Amino acid sequence: MNASIAQWQFADEEAMLTWAAKLGPACYEGACIYLHGNLGMGKTTLSRGVLRGLGYQGAVKSPTYTLVEPYQLAELALYHFDLYRLGDPEELEFMGIRDYFDGHALCLVEWPEKGGALLPTADLDIWLTPWQQGRELKAQANTARGLSILKALGCE
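Please read these numbers as outputs of a predicted model, since none were measured by experiment.

The strands that make up a sheet are held in pairs by hydrogen bonds between backbone atoms, and each pair lies either parallel or antiparallel. Strand order in the open sheet formed by 7 strands is β1-β7-β6-β2-β5-β4-β3, and the pairing between neighbours is mixed. Because the sheet does not close on itself, it has two edges, and the strands there are β1 (5-10) and β3 (68-72). Across this sheet, the average inter-strand angle for adjacent strands is 15°, counted without regard to direction. Both strand β2 (residues 31-36) and strand β5 (residues 106-110) contribute to a ladder of 5 bridges, which runs parallel. Paired with Ala31 across the bridge in β5 is Leu106. Lying over the sheet, helix α2 (residues 43-53) contacts β2, β3, β4 (77-82), β5, β6 (124-131) and β7 (134-141), oriented at roughly 165° with respect to β5.

Written out as structure tokens, the structure is:
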């Protein structure tokens with residue numbers, strides 16, 4: 001397996017949540033992760049699993065209308081973005097987008113293509129696509145941090 005690209009198949013939502021719970025702790029130093037996939041592919045479900053893996057017990061909702069949902073965890077700030085309804089990338093400047101990507105927080109970004117050049121390079125790009133009755137996940141590391149996350153998930 002190429003260390004910069006990894007792939008998994010999940011038979012159901014529970015299997016994806018279990019995997020995502022392992023992704024969270026692998027990002028304990030923070031990371032920028034882009035989540036790609038059509039509507040209904042499980043981007044928010046994946047985010048919920050990441051939060052559960054980091055010990056968060058509250059409700060996890062899609063930030064479709066607020067653009068970002070912040071979560072302050074014991075040792076890490078997590079920001080869950082959903083840019084689906086973003087009209088213009090410049091709107092991100094008004095919300096102080098650069099402040100979120102300080103290198104220490106974990107940022108999960110749904111629909112990153114809507115953010116254009118205002119978003120930093122992702123440590124990991126994750127694509128979710130249909131697979132049998134479940135989902136296939138492909139992850140590509142774009143940085144050394146992304147590679148270390150994949151390694152922590154058992155990818156060599």
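Still more to cover.
The end-to-end C-alpha distance of helix α1 (residues 13-26) is 20 Å, a good match for the 20 Å that 14 residues give at a rise of 1.5 Å each. Every buried residue of α1 is accounted for by Met16, Leu17, Trp19, Ala20, Leu23, Gly24 and Ala26. Taken end-on, α1 shows its buried residues confined to a sector of 165°, consistent with a single buried face. Turned more than 90 degrees off the buried face of α1, the exposed positions are Glu14 and Lys22. Of the surrounding secondary structure, the elements contacted by the buried residues of α1 are β1, β2, α2, β6, β7 and α5 (144-152). A distance of 3.3 Å separates the backbone nitrogen of Glu14 from a side-chain oxygen at the start of α1, and that oxygen is part of Asp12.

This part covers the environment of Glu93. The residue Glu93 is located in helix α3 (residues 91-94) in this model. Given a relative accessible area of 32%, Glu93 falls into the partly exposed group. Each C-alpha atom, one on Glu93 and one on Ala74, is 28 Å from the other, the two residues being 19 residues apart in sequence. Leave out the neighbours within four places in its chain, and Glu93 touches Arg98 and Leu118. One polar contact links Glu93 to Arg98, side chain to side chain, over a distance of 2.5 Å.

Taken as a whole, this structure holds 7 aromatic pairs when the rule is applied. Ring centres of Tyr79 and Tyr100 lie 4.8 Å apart, and the angle between their planes is 80°; on these two criteria the pair is classed as edge-to-face. With Tyr79 in strand β4 and Tyr100 in helix α4 (residues 97-100), this pair connects stretches of sequence that are 21 residues apart. Pair check on accessibility: Tyr79 and Tyr100 agree, each one buried. Pairing Phe81 with Tyr100 gives two aromatic rings, centres 5.3 Å apart and planes at 85°, and the pair type is edge-to-face. Remark: Tyr100 occurs in helix α4 and Phe81 occurs in strand β4; sequence separation between them is 19 residues. You'll find Phe81 and Tyr100 in the same group, each marked buried.

Reading guide: rules and limits
Residues numbered from 1 in each chain as written. Predicted model: local features only at pLDDT ≥ 70, side-chain atom pairs only at ≥ 80, totals over all residues. Heavy atoms only, no water. Pairing = 2+ DSSP bridges. Helix = DSSP H or I, 4+ residues; strand = E, 2+ residues; numbered from the N terminus. Axes fitted to C-alpha atoms, helices over the stretch in contact; angles between N-to-C directions. Contact = heavy atoms within 4.5 Å. Expected span 1.5 Å × (residues − 1). Buried < 20%, exposed > 50% of the residue type's maximum accessible area, 1.4 Å probe, protein only. Arc of directions from axis to C-beta. Polar contact = N/O pair within 3.5 Å; in protein donor to acceptor, adjacent residues only side chain to side chain. Phe/Tyr/Trp six-rings, centres within 6.5 Å; stacked < 30°, edge-to-face > 60°.

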